[in-house]
Amino acid sequence: MKQSEIDNIYKVIVENLGEEIFVSDGNGDVLFVNPASIEINELDIENIIGRNVSDLQREGYFSESSTLRVLREKRPVSVLQKLKNGKRIIASGVPIYDDEGRIKMVITSSQDIDAVNMLLETLDKREAEIATLRRELYKNSEFNATDPVSIKLKTIMDKAAFLDIPVLIIGESGTGKQIVARHIHFFGKRRDKPFLTVNCSASDEAALEKEIFGYQSKRGKLDLSSGGTLVFNNIGHLPLDLQSKLFEYLETGKFSRVDGSEVFSSFTRVIATTGSDLKAMSEEGAFLKALYYKISPMPIIIPPLRSRVKDIPHLSSEYLSMCNDKYHNKKILSKEALGVLTSYTWPGNLFELERTIESAYIMTDAPVIKGGIMYSVIHGQSEQTENKSKVYCEDIIPLKEAKHLLEEQLVKRAYEIYKTTHKTAEVLGVNQSTVSRILRKYEL
């Protein structure tokens, strides 16, 4: 390549840079300015080339000349300049020396501080948005495991995600079946592919069939989720005819749209959720037995929240953080409030816990959510007005187990409130040694 061609390339690059380039000779006389410099400084190029930068500084084009500083100090410098048009820039000058060590040119580039600040503000907003999305993704795809029961469950979930097989998720309403499904998808091989859901409880069978398999030229979710995951929520409610079509797809990877003869292929992973006993239903003929065995090579059973009490503090913290973001405030849970939460049986599971946290949050004006408010939200009455001699049963369990639970919860709650075993024993009407023994027994 000829030198003239190389010089032309350099010229094109410099003239099209968005950053200002300002060049002077060893005396400070302007040799060259690129279009960005003209725009930023609002210069008249015909009256700039050949002029000395000291004159431009005196006329107020910029508050301080980086070029003059470079010539004076004989080193690279950066200065904060205020331009005639009110803009603020950081100008960085670099000396270029001849063979005898004298400065023959000064090249200055600059950045608009206000534009940079706007960019930083935009980045801050984007980072905040990303943080919010991450929390939402965490909520929807990450299973919070603190309790040993949940940690064991998470191990099974991770294995299912890796194996990329059909999965049946079983659990009570509100236990987080959808969260588990998202976790399996987002931590599996298909994380970058579609994640879609179908509500099998829809009453209109014809509409449900179209939603899943598509019709005429319209693609259904089985097609749209190809390569990704399709979750069949409440699959026990899926009509038997559609169960047969789904089984056929799982067997062959092929399906037909409604009122169509053309055969389509899809590479969709199927995850099903249910709160019903599908095996019993299949024995009774209410659910297709072949489909049951097809979707349950590795069934995942989610324990109810009452069986993984040690998850409650972490989950409560997550829900509280969401409330702080939603209502632009900063509140915390008191130890008493957390004690109320961990001593409740949560028949509504995660849904009820999340609703309870938000309700208590709204009802609390102070920065700390107290135990009394939490008790009132859960039980619908004030803790102060409640007859303390009464114990309410939330579920039917063996009497021996109930006695152990009551013993654990009473001592734990009293100790959290009164802080010492002596005071706890006094309030409960037992010996201090009894309280110490119970605390050790339950590792409280």
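Above this text sits the structure in question.
This is a predicted model, so every value here is computed, not measured.

Rules used throughout
Residues numbered from 1 in each chain as written. Predicted model: local features only at pLDDT ≥ 70, side-chain atom pairs only at ≥ 80, totals over all residues. Heavy atoms only, no water. Helix = DSSP H or I, 4+ residues; strand = E, 2+ residues; numbered from the N terminus. Buried < 20%, exposed > 50% of the residue type's maximum accessible area, 1.4 Å probe, protein only. Contact = heavy atoms within 4.5 Å. Areas by Shrake-Rupley, 256 points an atom, 1.4 Å probe, with all protein chains shown as cover. Salt bridge = Lys/Arg side-chain N within 4 Å of Asp/Glu carboxyl O. Phe/Tyr/Trp six-rings, centres within 6.5 Å; stacked < 30°, edge-to-face > 60°. Lys NZ or Arg CZ within 6 Å of the ring centre and 35° of its normal. Core = buried A, V, L, I, M, F, W, Y, C linked by side-chain atoms within 4.5 Å. Pairing = 2+ DSSP bridges. Axes fitted to C-alpha atoms, helices over the stretch in contact; angles between N-to-C directions.

Further remarks concern the overall build of the protein. For the protein, the helix and strand inventory stands at 19 helices and 16 strands. Residues classed as buried in the protein amount to 38% of the 444 residues present. Contacts spanning at least 24 positions in sequence make up 60% of the contacts within the protein whose residues lie at least 6 apart. Accessible surface, the protein as shown: approximately 24,900 Å² in total, 54% of it carbon and sulfur.

We now examine the pattern of salt bridges. When their charged atoms lie close together, side chains carrying opposite charge are able to pair. For the structure shown, the criterion picks out 20 salt bridges. Across the pair Arg51 and Glu59 runs a salt bridge whose closest N-O atoms are separated by 2.3 Å. Between Lys154 and Asp158 there is a salt bridge, and its shortest N-O distance comes to 3.4 Å. Placement of the pair is Lys154 and Asp158 together in helix 6 (residues 148-163), with a separation of four residues, close to one helical turn. Judged by its relative accessible area of 22%, Lys154 falls in the partly exposed class. Here the residues in one salt-bridge network are Glu64, Arg69, Glu73 and Arg75, joined through shared partners.

Before going further, it helps to spend a moment on the packing of aromatic side chains. In total, this model carries seven aromatic pairs according to the counting rule given. Arranged with centres 5.6 Å apart and planes meeting at 25°, the rings of Tyr327 and Tyr361 form a pair that is stacked. With Tyr327 in helix 13 (residues 312-327) and Tyr361 in helix 15 (residues 349-363), the pair connects residues that are 34 residues apart, well separated along the chain. Since its relative accessible area comes to 32%, Tyr327 is described here as partly exposed. Centre to centre, the rings of Tyr344 and Trp346 are 4.6 Å apart; their planes meet at 80°, and the pair counts as edge-to-face. With relative accessibility at 0%, the residue Trp346 sits in the buried group. Chaining the aromatic ring pairs together yields one cluster made of Phe213, Tyr249, Phe255 and Phe264. Looking at Lys331, its charged tip hangs above the ring of Tyr361, at a distance of 4.4 Å from the centre.

A separate point is the environment of Arg69. Positionally, Arg69 belongs in helix 4 (residues 66-73). For the pair Arg69 and Val79, spaced ten residues apart in sequence, the C-alpha separation works out to 8.7 Å. When residues no more than four places from it in sequence are discounted, the contact partners of Arg69 are Glu64, Lys74, Arg75, Val77 and Val79.

To continue, consider the nonpolar core. Counting 25 residues, the largest nonpolar core has Phe232, Ile235, Leu238, Leu246, Leu278, Phe287 and Ile295 as the members making the most contacts within it. If one sorts the elements of this core by residue count, helix 10 (residues 240-252) sits on top with four residues. Every residue in contact with Ile235, bar those within four places of it in the chain, is listed here: Leu168, Cys200, Leu246, Ala272, Thr273, Thr274, Leu278, Phe287 and Ile295. Judged by nonpolar contacts, the second largest core, of 22 residues, contains Leu320, Cys323, Tyr344 and Ile369.

With that out of the way, let us pick up the sheet that holds strand 2 (residues 30-33). Judged by pairing direction, the sheet is antiparallel, and its five strands sit side by side in the order 2-1-5-4-3 without closing on themselves. The sheet terminates laterally at strand 2 and strand 3 (77-82), the two strands that pair on one side only. Between one strand and the next, the sheet's axes are offset by a mean angle of 25°, whatever the strand orientation. Relative to strand 4 (residues 88-97), strand 3 is paired through six bridges, and the arrangement is antiparallel. Bridge pairing in strand 4 links Val79 to Ala91.

When you tally the buried positions in strand 1 (residues 20-25), you get six out of six residues, the bulk of the element. On strand 1, burial covers both faces: Glu20, Phe22 and Ser24 on one face and Ile21, Val23 and Asp25 on the other are all buried. Of the strand pairs in this sheet, strand 1 and strand 2 are connected by three bridges, and their pairing is antiparallel. Paired with Ser24 across the bridge in strand 2 is Val30. Hairpin remark: strand 1 followed by strand 2, antiparallel, with four residues in the connecting loop; positive phi at Gly28, about 95°.

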